[in-house]
Amino acid sequence: MTGKMAIVGDGDSIMVFQAAGVSAFAAENEKKAREVLRKIAKDFDVIFLTEELARPLADFLKRFDEAPYPVVLPIPSGKGDGGFGEELVRSAAERALGIDIFFNNGPREATEETHQ
Amino acid sequence: MARLNVNPTRMELKKLKARLNTAVRGHKLLKDKSDEMIRRFTVMARENLALRREVEGELSRILREFQVARSVTPAYRAEAAFALPSQAVRAECSTASVMGLDVPKISLSQSGSGGLPYAFFEITSEADYSVSKVSQLLPKLVRLAEVEKSVRMLADEIERNKRRVNALEYVMIPQLEETIAYIREKLSENERAALVRIMKVKGKNAT
């Protein structure tokens with residue numbers, strides 16, 4: 001099955017993706033982003049969403065976790081402080097295992113450990 | 001623990017014993033499944049985290065560079081230049097099974113000329129680098145999407161499975177055990193009562 005990819009975000013961050021061949025949808029605030037997501041969720045299989053839009057929509061994004069597709073992936077945007085994606089992984093680990101497995105020895109050290 | 005509301009008969013006892021047997025076996029199976037899922041989860045979650053840090057670092061650098069690059073040209077012209085992509089990225093989407101759970105599996109297939117959507121004189125050359133870097137980063141992004149979704153789905157499934165295991169271990173099995181013990185007691189009590197009655201009747205006949 002061939003799927004399509006899309007990016008939802010504000011003007012600047014999505015432009016470069018558009019040039020790379022990903023369909024781009026502009027959404028300047030979270031309300032707009034929710035509308036756009038609802039509209040395109042059926043047509044696109046991989047949807048990138050900039051972090052500052054994904055953060056307030058966390059609850060809404062949970063409903064996409066039920067089925068394999070579409071995959072909604074928060075990505076950092078040029079200006080945001082980031083860290084939301086990491087939070088998601090961390091919360092998933094906490095839910096599944098009951099404990100935080102990566103963060104007891106500091107985030108940076110954990111990265112080095114996995115690279116070795 | 002509450003005991004089930006059943007008649008203390010041999011029939012019920014037999015039924016309950018069979019149910020207990022199934023429950024214990026199911027509990028063991030589910031527990032094993034949970035262990036294996038957690039093992040896989042840890043592996044995948046670690047990969048997810050490493051990949052995310054890598055991608056995030058690269059992407060935010062690219063986006064910063066791109067912002068600088070496109071600030072040289074006026075916004076309307078930049079938008080016009082980027083509006084029509086010359087290449088389309090397609091993703092091959094299928095599903096893989098992890099412990100009976102359908103997770104996404106995506107691979108990238110790039111089509112089109114691979115060129116830039118604008119003429120060279122429209123935008124500064126720094127923007128070209130950003131675009132090609134994003135194209136190079138796309139496979140990693142897609143891989144991240146795949147892994148992260150799998151991790152999230154697996155986390156949900158582990159949670160659900162844990163609930164099932166606990167329900168069996170702390171509710172179903174104790175209940176069944178207690179009911180079986182109760183029926184056994186009741187039956188042996190009935191038997192003793194019957195014996196005493198017979199002895200009494202026999203004693204009466206003898207005198």
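Residues numbered from 1 in each chain as written. Chains lettered and ligands numbered in written order. Predicted model: local features only at pLDDT ≥ 70, side-chain atom pairs only at ≥ 80, totals over all residues.

Trainee: How should I be thinking about the confidence of the model for chain B in this particular structure?
Mentor: Close inspection of predicted coordinates is inappropriate for parts of the model with low pLDDT. For chain B, mean pLDDT is 82; residues scoring 70 or higher make up 85% of the total. Across the interfaces of the predicted complex, the ipTM metric reaches 0.77, alongside a pTM of 0.78. (pLDDT = per-residue confidence, 0-100.)

Trainee: Would you mind showing me how to read the interface of chain B and chain A here?
Mentor: Frequently, the measure chosen for interface size is the accessible area that the parts lose on association. Each partner contributes to the interface: chain B provides 54 residues, whereas chain A provides 40 residues. Broken down by secondary-structure element, the contributors of at least two residues to the side of chain B that touches chain A are helix 1 (10–70), helix 2 (75–82), strand 1 (87–98), strand 2 (101–112) and helix 3 (125–206) of chain B. Of all the elements, helix 3 of chain B adds the most residues to the side of chain B that touches chain A, at 18 residues. Partitioning the side of chain B that touches chain A into residue classes produces 31 nonpolar, 10 polar and 13 charged. (Contact = placed C-beta atoms within 7 Å. Helix = DSSP H or I, 4+ residues; strand = E, 2+ residues; numbered from the N terminus. Nonpolar A, V, L, I, M, F, W, Y, C, P; charged D, E, K, R; others polar.)

Trainee: Is there a simple way to think about the nonpolar core in this case?
Mentor: Side chains of nonpolar character tend, in soluble globular proteins, to be buried together. Formed by 65 residues in total, the largest nonpolar core has its most connected members in Val8(A) and Ile47(A). Per element, the largest residue contribution to this core is 14 residues, and it comes from helix 3 of chain B. Setting aside residues no more than four positions away along its own chain, Ile47(A) makes contact with Ala6(A), Val8(A), Leu37(A), Ile40(A), Pro70(A), Val71(A) and Val72(A). (Core = buried A, V, L, I, M, F, W, Y, C linked by C-beta atoms within 7 Å. Buried ≥ 20, exposed ≤ 12 C-beta atoms within 10 Å, placed from the backbone.)

Trainee: What exactly am I supposed to notice about the pairing of strand 1 (residues 2–9) of chain A here?
Mentor: For a regular strand, side-chain orientation follows a simple rule: the groups alternate between the two sheet faces. Residue and element names in this part refer to chain A. Relative to strand 3 (residues 46–50), strand 1 runs parallel, the two being bridged by 4 bridges. Across the sheet, residue Met 5 finds its bridge partner in strand 3, namely Val 46. Summarising the sheet, strand 1 and strand 2 (residues 23–26) pair through 4 bridges and their orientation is parallel. Counterpart to Ile 7 in the pairing with strand 2 is Ala 24. (Pairing = 2+ DSSP bridges.)

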